[in-house]
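# Analysis of the macromolecular model
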Amino acid sequence: MAMITVDGVAVKTPSAFSWGLQDVSDPASGRTLDALMHKNRIAQKRKISLSWNHPTPQEASAILQAFNPEYVRVRYPDALSGTNETRTFYVGDRSAPMKIWTVRNKRYSQVSFDIIER
């Protein structure tokens, strides 16, 4: 089974996968005059940093196209639950710096971006 699927389609296993959990706080959150923090958490959202090292142009294109829709349903290993979960994400800025581009060897250095839970 693939480590990650996007909208039901397996994608190449990333070279790096960094799971994170972000708290979303009420806009009225903050410190009171006694310096006590009132966080008022209203939600928690996942943020996953993904990268693929040295992909070919075809691999880079397949990865970027899979994550190109405005929102994607991603199945991934979730650190908090300890199981595979499927959640809806949007994609942050993507980058794909060039490593080498010769007649017989075309590679990107890396394809990387974050996906953030909707």
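Described below are features of the structure shown in this document. Counting starts from 1 at the beginning of each chain's written sequence and moves along it residue by residue. With the structure being a predicted model, the display of local features is reserved for residues of pLDDT at least 70 and the display and counting of side-chain atom pairs for 80 or more, all residues being used for whole-chain, interface and lining totals. Derived side-chain values reflect all non-hydrogen atoms in the structure, with water molecules and hydrogen atoms excluded from consideration.

### Examining the side chain of Glu-85
With respect to the secondary-structure elements, Glu-85 resides in strand E8 (residues 84–91). Since its relative accessible area comes to 15%, Glu-85 is described here as buried. Contact between two residues is taken to exist if any of their heavy atoms lie within 4.5 Å; hydrogens are not considered. Leaving out residues up to four positions away in the same chain, Glu-85 has contacts with Arg-46, Val-74, Arg-75, Tyr-76 and Asp-78. Numbering goes from the N terminus for both helices and strands, where a helix is a DSSP run of H or I of at least four residues and a strand is a run of E of at least two. In this scheme, a residue with accessible area under 20% of its type's maximum is buried, one over 50% is exposed, and one in between is partly exposed, where area comes from a 1.4 Å probe on protein chains only.

### Section: the pattern of salt bridges
By convention in these notes, a salt bridge is any Lys or Arg side-chain nitrogen within 4 Å of a carboxyl oxygen on Asp or Glu. In total, this model carries seven salt bridges according to the counting rule given. Between Glu-85 and Arg-87 there is a salt bridge, with the nearest N and O atoms lying 2.7 Å from each other. A single salt-bridge network, built from bridges that share partners, covers Asp-23, Lys-39 and Arg-41.

### So, the side chain of Asp-78
Among the secondary structure elements, Asp-78 is positioned in the loop between strand E7 (72–77) and E8. Polar contacts here mean pairs of N or O atoms no more than 3.5 Å apart (in protein, one a potential hydrogen donor and the other a potential acceptor; neighbouring residues in sequence count only if both atoms are side-chain atoms). Only 3.0 Å separates the side chain of Asp-78 from the side chain of Trp-19, close enough to count as a polar contact. Here Leu-80 takes part through its backbone nitrogen, which lies 3.2 Å from a polar atom of the side chain of Asp-78. Asp-78 has contacts with Trp-19, Arg-46, Thr-83 and Glu-85, leaving out every residue within four places of it along the chain.

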